[in-house]
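Each chain, written out:
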Amino acid sequence: MNDLIPVSLRVNGVRYDIAIRPWRTLLEVLRETLGMTGTKRSCGEGQCGTCTVLIDGKAVNSCLYLAVEAQGKEISTIEGPPEGDPALEQIQRSFVAKGAVQCGFCTPGMVVATRSLLSEIAEPSEDEIREALVGHLCRCTGYVQIVEAIQDAASQLAHKGGD
Amino acid sequence: MMNRDSQREFQVLGKPTPKKDAPQKAAGRAEFADDISMPGMLHGKLLRSPHPHARIVAIDASLALALPGVRAVITGRDFPGVRYGNLPQTRDYLPLAIDTVRYIGEEVAAVAAVDEDTAEEALDLIRVEYEVLPAVFDPEEAMKQGAPQLHGQSPGNVSAHTESHFGDVEAAFAQADYVREDVFETQPVKQGMLEPHACVGLWDGFGKATLWSCKMSPYAVWRQLAMGLDIKPGDIRVVQTYVGGGFSGGKQEAMPMDFCALMLSKKTGRPVKLVHTMEEVLIIGHMRHPMKIWLRTGTTKDGRILAQHVKLLANGGAYSSIGGFSIFLAGAMINLPYRVPNMKFEADRVYTNNGFCGALRGHTVVQMCFARDSQLEKIAEDLAIDPLEIRRRNAIQDGDVTANGFRINTFAFDECITRVAEMSGWYNKKGKLPKYRGIGFGCGAHLSGARLMGHSASTAEMRMLEDGTVHLTTGSTDVGQGVETVMSMIAAEVLGVTVDDVHYLKVDSAATPLDPGTFGSRVTLFTGNAVKQAAEDICRQLAEVAGERMGVDPRDLMFFRHEIINRKDEKQRCSLKEIVRWGMFQQGRIFSGRGSYGYSEEKIDFRTGHGNLSPAYNPTACAVEVEVDPETGRVTVVGLWGADDSGTPLNPLAVKGQVIGAAVMSIGHALYENLIRVDGKVMNPSLRDYKMPQATDLPKLADFKHSNVITWEPEGPFGAKEAGQGAGTGVIAALANAVYDATGVRLTSLPMTPEHILFGMKRLQAQNRGQ
């Protein structure tokens, strides 16, 4: 098909050279072209946060982000880099331990957003955590255990200190 | 008091236990239905009616079929024309409309194409000729003579009617010192799960159809698919995927998308996937019933309820769904959590040309509790009785039998009230808060699964593996509430193993035992009892082998920390694994346990409403503190304190998540959520405009507390009762009462939006000036 254009994306530190239609969103390309289904699709209009990924460390809704725009940038998803990401894994452990995961559909987006938050603010206040979660809907938990999980992750990561 | 606060010694149960599937979910590795991909898979899309009521004159799909990439188009005529539904008298669904559409969004045709874009494009090319019919949207209008009729078999558009009368209401009202009547109205509220409905269908060309889908109750879907496709249930297989939030609705039933995935697969020979957009999720049926509730209550002068009379009108939308039971339940639950010696209930559920309504977390208990506990607050005020005291005076106690025949085992309602009063600082706050700040109290109750007339028994099967771990199968699904974990905990407790030693499998109708499904807070109690029994069954089989090998009476053996031990001489023990292997390898045994729960001689009489609907009942109480912005009318929830008697919490970590989740959902119902419809058209089919609570809408963690009042429910497995729905039932009235306390504005319709509150305050100011 002649409407395909070549695109080079770096996702979790790995380079992918692919051909896509130019109007494809990053979410569609991650899920359908690259088969990385950890990033979820729900509202499709940037309201729910389930499709959150990091672009150069900043949380974005991948359903509103064209894949072509992500060229030359570092894309990080819930799958994480092949060599592992200790901060991401700590956040995931805290979510599990604190009961922040119920149906789990919002969880990848929440975890990725937390990764971004904690890289910007190592020990966020309760209010800062809540602000960071605006745009991330969760219908199951009522958010309390998610906030507690993020507090736990922040404290675990801070205690490990500078390493 | 019966068995209250009698925590037993557990090995596994009672300890906060992380959800077994949480690591996969947190890593993005849990495969949801939309994540499934199969070789050659096609993508389906559904064409929906733009009219609230119309006759389909003709459908021309030739242009759509000519579009490159389109593989099939189907209409209602491709199905056998058999209606399906939940109950024999409510079978009014079709997989796709055949000659009539009854609401905007009803499914008319379906397309399968090589990708979603092509399928979407093809929808625009299908030409449907409609003859528009008069439509009706308001239930009172729909009941009038001459109103458009939706279904031939339901004159007057009455989809369901129920009434019950216990005691003598008229005589009780005549004796009452105090009588008042109020009318309350509630709005349509959506389930709001984040995973849109999704499925993959494969009809293999040899008569076998398989559906992979995020269903809460796969066996209900399985039966309905067989009905609507007019094939044998045995030729259908329903495989449950992870469920990304349920809260009832479309994940409880077979939906048009499920039928179409299968039929499109049959036509094309390929697997076909359909996924709703969020807009579709919000437009189609499946929501909480909007209700008009007229409530008349008579009391003595010291506030004891003598009688309640309820007339309820539910706007059912275009189809029945589970609506007949919805209104029955609303009436039954008037009997909890207060003693109502004389009770009369009359309810109609009415068809209108709107999206249809059914169950949603808390079902219809939520609307009734809003009405009743709002009114109770007014009664307390009129009679100058403390709001907590009036609730205590009427509270149901352990051992009560209600007027409609509920037999109450454990019901620590008094203690719930006391704890909430303490946690919230009620007596330091009520009447003492600054202007525009207020506190309100609300109560409710729920049941732990309903005994229905049809299928109500749960079953479990368990198979021992050679490494001493077990496969556990039931027909109950995890929808996030923690079924896989608590069922594994129950099995582990009995078998003397760890939670990780139990492998809880998802439902697959080809492999797992039959079960009605996950709804009505039934799973922990019904399926939990079945699992306990299955584990005990396997222990008996193992004890037989161990007893023989150890030379011990099998009845003296106990299972503890991976060992089988002689109770009478604890030095005599052998490892579980050793016995398993000996039995399997040397004796050719299959260690396989079975359990069931739910068979009961007593049946509910659905005509009179009399009978013990559930094995167990749980009360809840909560206090909510609010601050109202006098400029905008906006409510900030600054504190929420709840207490529930969920029996003995088997997994406190999950119970906490359930009760908080239910409470927050009720905040949304009370303050924000409303599916706005104008002439049957949903005006806010987006999560931008259908506003659900966000993390910033809750009280701070320090002011958002919950307490479990621990009881030992004799009907529950290890003393447990439900936790997922009851906790939300008192919150809405508590908020209404708090808004009243803060502003003097009494709101009787939901949601309590800023403009309603602001106008209410302005009216009060005008009245005060006028005096």
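In this text, all values refer to a predicted model and were calculated from it rather than measured experimentally.

Visitor: Quick question: what am I supposed to make of the side chain of A:Thr77 here?
Guide: Residues and elements named next belong to chain A. Take Thr-77: it is sitting in the loop between strand E5 (74-76) and helix H2 (86-97). Polar side-chain contacts of Thr-77 include one of 2.6 Å to the side chain of Glu-79. Beyond its immediate chain neighbours, meaning those up to four positions away, Thr-77 contacts Val-11, Asn-12, Leu-30, Met-36, Thr-39, Val-53, Leu-88 and Val-112.

Visitor: I keep staring at the sheet that holds strand E6 (residues 127-132) of chain B and nothing clicks. Help me out?
Guide: Strands pair in a sheet through their backbones, by hydrogen bonds, and they do so in one of two ways: parallel or antiparallel. Residue and element names in this part refer to chain B. An order of E4-E2-E6 is seen for the 3 strands of this open sheet, with the pairing classed as antiparallel. Since the sheet does not close on itself, it has two edges, and those belong to strand E4 (100-101) and E6, each with one partner. Examined bridge by bridge, strand E2 (residues 54-60) and E6 share 6 bridges and lie antiparallel to one another. Opposite Ala-54, over in E6, you have Val-132 as the bridge partner.

Visitor: Looking at this structure, I do not really get the domain arrangement of chain B. What am I missing?
Guide: Accessible area lost during the coming together of the parts is what is often quoted as the interface size. All names here are of chain B. Under the domain assignment, chain B is made up of domain 1 (22-28 + 457-597) and domain 2 (362-370 + 379-449 + 609-770). Using C-alpha coordinates to define each centre, domain 1 is positioned 38 Å away from domain 2. Of the residues lining the interface, 18 residues belong to domain 1; the matching set on domain 2 comes to 19 residues. Taken over both partners, the interface formed by domain 1 and domain 2 buries close to 1,300 Å², and the fraction arising from carbon and sulfur atoms is 67%. On the domain 1 side of the interface with domain 2, the three residues burying the most area are Gln-481, Ser-521 and Leu-525, jointly 36% of the side's total. The tally of links between domain 1 and domain 2 comes to 0 salt bridges. At the junction of domain 1 with domain 2, the criterion picks out 6 residue pairs in polar contact (both at pLDDT 80 or more).

Visitor: Just checking my understanding: could you explain the packing of aromatic side chains for this structure?
Guide: Any aromatic ring pair is given by two values, namely how distant the centres are and how the planes are angled relative to each other. All names here are of chain B. Taken as a whole and judged by the stated rule, the model has 20 aromatic pairs over all chains. With a centroid separation of 6.0 Å and an interplanar angle of 90°, the aromatic rings of Tyr-103 and Phe-356 are classed as edge-to-face. Highlighted residues: Tyr-103 in the loop between E4 and strand E5 (107-113) and Phe-356 in the loop between strand E15 (342-351) and helix H10 (365-382), separated in sequence by 253 residues. Each member of the pair Tyr-103 and Phe-356 is classed as buried. Grouped by ring-pair contacts, the aromatic residues Phe-79, Tyr-84, Tyr-93, Tyr-103, Phe-259, Tyr-319 and Phe-356 constitute a single cluster.

Visitor: Any chance you could explain helix H1 (residues 26-33) of chain A here in plain terms?
Guide: Given 3.6 residues per turn, any residue in an α-helix points the same way as the ones three and four places further on. All names here are of chain A. Residues of H1 that are buried: Leu-26, Leu-27, Val-29, Leu-30 and Arg-31. On its buried face, H1 is in contact with strand E1 (5-11), strand E2 (14-20), strand E3 (52-55) and E5. One or two steps after H1, the chain reaches Gly-35, where phi turns positive at roughly 65°.

Visitor: What exactly am I supposed to notice about the interface of chain B and chain A here?
Guide: At the junction of the two partners, chain B supplies 56 residues and chain A supplies 50 residues. Viewed at the interface, chain A and chain B are joined by 11 salt bridges. Here A:Arg21 and B:Asp117 are joined by a salt bridge, their closest N and O atoms 4.0 Å apart. The interface formed by chain B and chain A holds 26 residue pairs in polar contact (both at pLDDT 80 or more) in total. Every element with two or more residues in the side of chain B that touches chain A is listed here: helix H1 (22-26), helix H3 (116-125) and helix H17 (652-671) of chain B. It is H17(B) that provides the largest number of residues to the side of chain B that touches chain A, a total of 8 residues. A breakdown of the residues in the side of chain B that touches chain A according to their chemical character gives 29 nonpolar, 12 polar and 15 charged.

Visitor: Which parts of the structure should I look at to understand the pattern of salt bridges?
Guide: Pairs may arise between side chains of opposite charge once their charged atoms sit close together. Taken as a whole and assessed by the stated rule, the structure comprises 64 salt bridges over all chains. The partner of A:Arg139 in a salt bridge is B:Glu673, and the shortest N-O contact between them spans 2.7 Å. Of the two residues, A:Arg139 is situated in the loop between helix H4 (126-133) and helix H5 (144-160) and B:Glu673 in the loop between H17 and strand E26 (677-678); the pairing between them involves two chains. Relative accessible area serves as the criterion here: at 0%, B:Glu673 is assigned to the buried category. B:Arg55 serves as the salt-bridge partner of B:Glu131, at 3.5 Å between the closest nitrogen and oxygen. Pair noted here: B:Glu131 is in strand E6 and B:Arg55 is in strand E2, with a separation of 76 residues, a long-range link.

Visitor: I would appreciate a short explanation of the sheet that holds strand E28 (residues 704-708) of chain B in the present structure.
Guide: Residue and element names in this part refer to chain B. One open sheet holds the 4 strands; their spatial order is E16-E24-E25-E28, and the pairing between them is mixed. The sheet is open, and its two edges are formed by strand E16 (437-447) and E28, each paired on a single side. Within the sheet, the average angular offset between the axes of one strand and its neighbour, ignoring direction, is 15°. Relative to E28, strand E25 (residues 635-644) is paired through 5 bridges, and the arrangement is parallel. Bridging from a neighbouring strand, Ala-643 pairs with Ser-707 of E28.

Visitor: What's the story with the nonpolar core in this structure? I'm lost.
Guide: One broad rule of soluble globular proteins: the nonpolar side chains tend to lie buried together. Within the largest apolar cluster, 156 residues are counted, with the highest numbers of intra-cluster contacts made by A:Phe95, B:Leu312, B:Leu613 and B:Leu735. Among the elements that make up this core, the one with the highest residue count is H17(B) (10 residues). Look past the residues within four positions of B:Leu735 in its chain and what remains in contact with it is B:Val624, B:Val626, B:Val637, B:Ile667, B:Ala670, B:Leu671 and B:Met752. The next biggest cluster of nonpolar side chains, apart from the first, holds 47 residues, and it includes B:Ala491, B:Ala492, B:Ile564 and B:Leu576.

Visitor: It is not clear to me how H3(B) should be interpreted in this structure. Could you clarify?
Guide: All names here are of chain B. The complete set of buried residues in H3 reads Glu-116, Thr-118, Ala-119, Ala-122 and Leu-123. Angular distribution of buried residues about the axis of H3 spans 160°; they occupy a single face of the element. Against the buried residues of H3 lie strand E1 (42-48), helix H2 (62-66), strand E3 (70-75) and E5.

Visitor: Looking at this structure, how should I read the packing of H2(A) against H5(A)?
Guide: Each pair of packed helices can be summarised by the angle the axes make with each other and by the distance between the axes. All names here are of chain A. Close contact between H2 and H5 brings their axes to 8 Å; oriented N to C, the two are set at 140°. Accordingly, the angle class assigned to the pair H2 and H5 is oblique. Here H2 runs over H5; the crossing is right-handed. Where H2 approaches H5, its residues Ala-87, Gln-90, Ile-91, Arg-93, Ser-94 and Phe-95 are matched on the opposing element by Ile-146, Ala-149, Ile-150, Asp-152, Ala-153, Gln-156, Leu-157 and Lys-160. Among the residues forming the contact of H2 with H5, the class breakdown is 8 nonpolar, 3 polar and 3 charged.

Visitor: Looking at this structure, how should I read the environment of B:Ala534?
Guide: Residues and elements named next belong to chain B. Residue placement: Ala-534 occurs in helix H15 (residues 523-550). Owing to a relative accessible area of 0%, Ala-534 belongs among the buried residues under this scheme. Sequence separation between Ala-534 and Pro-649 is 115 residues; the distance between their C-alpha atoms is 21 Å. Once you skip the residues sitting within four places of it in the chain, Ala-534 turns out to touch Ala-460, Met-462, Gly-593, Arg-594 and Gly-595.

Visitor: It is not clear to me how the packing of H15(B) against helix H16 (residues 576-587) of chain B should be interpreted in this structure. Could you clarify?
Guide: Residue and element names in this part refer to chain B. One way to put it is that H15 packs onto H16 with a least axis distance of 10 Å and a crossing angle of 90°. Here H15 is positioned roughly perpendicular relative to H16, judged by the angle of their axes. Facing H15, whose interface residues are Leu-542, Val-545, Ala-546, Glu-548 and Arg-549, H16 presents Leu-576, Glu-578, Ile-579, Val-580, Trp-582, Gly-583 and Gln-587. Across the contact of H15 with H16, the residue classes break down as 7 nonpolar, 2 polar and 3 charged.

Thresholds applied
- Counting restarts for each chain: residues are numbered from 1 in the order of the written sequence.
- Key to labels: chains lettered from A, ligands numbered from 1, both in the order written.
- Given that the model is predicted, a residue must reach a pLDDT of at least 70 before its local features are reported, and side-chain atom pairs must reach 80 or more before they are shown or counted; all residues, however, enter totals for whole chains, interfaces and linings.
- Think of the side-chain values as coming from all heavy atoms in the structure, minus any hydrogens and water.
- Under the scheme used here, helices are H or I runs from DSSP no shorter than 4 residues and strands are E runs no shorter than 2 residues, and both carry numbers assigned from the N terminus.
- Think of a polar contact as two N or O atoms within 3.5 Å of one another; within protein, one of them needs to be a possible hydrogen donor and the other a possible acceptor, and neighboring residues in sequence only count if both atoms come from side chains.
- Residue contacts are counted whenever heavy atoms from the two residues lie within 4.5 Å of one another.
- Each pair of strands is called paired provided DSSP finds at least two bridges between the two strands.
- An automatic or database domain assignment supplies the start and end points of every domain.
- Joining two parts hides part of their accessible area as seen by a 1.4 Å probe, and the buried area is that hidden amount summed over both.
- One speaks of a salt bridge when a side-chain nitrogen belonging to Lys or Arg is within 4 Å of a carboxyl oxygen belonging to Asp or Glu.
- In this scheme Phe, Tyr and Trp rings, the latter by its six-membered ring, pair at centre separations within 6.5 Å, and the angle between planes marks the pair as stacked below 30 degrees, edge-to-face above 60, and tilted otherwise.
- Partly exposed describes any residue whose relative accessible area lies between the buried limit of under 20% and the exposed limit of over 50%, with all areas from a 1.4 Å probe on protein chains only and scaled to the type maximum.
- Gly is put with the polar residues, along with every residue not named as nonpolar or charged; the nonpolar set is Ala, Val, Leu, Ile, Met, Phe, Trp, Tyr, Cys and Pro, and the charged set is Asp, Glu, Lys and Arg.
- Helix axes are fitted to C-alpha atoms over the stretch in contact, other axes to C-alpha atoms as well, and angles between N-to-C directions run from 0 to 180 degrees.
- Here, nonpolar core refers to any group of buried Ala, Val, Leu, Ile, Met, Phe, Trp, Tyr and Cys residues whose side-chain atoms link them within 4.5 Å.
- Within this analysis, the arc is defined by the directions that extend from the helix axis to the C-beta atoms.
- Any angle that is under 35 degrees is reported as roughly parallel, and any over 145 degrees as roughly antiparallel; angles of 65 to 115 degrees are reported as roughly perpendicular and all others as oblique.
- The sense of a crossing depends on the near helix, which, turned anticlockwise from the far helix by less than a right angle, makes the crossing left-handed and, turned clockwise, makes it right-handed.

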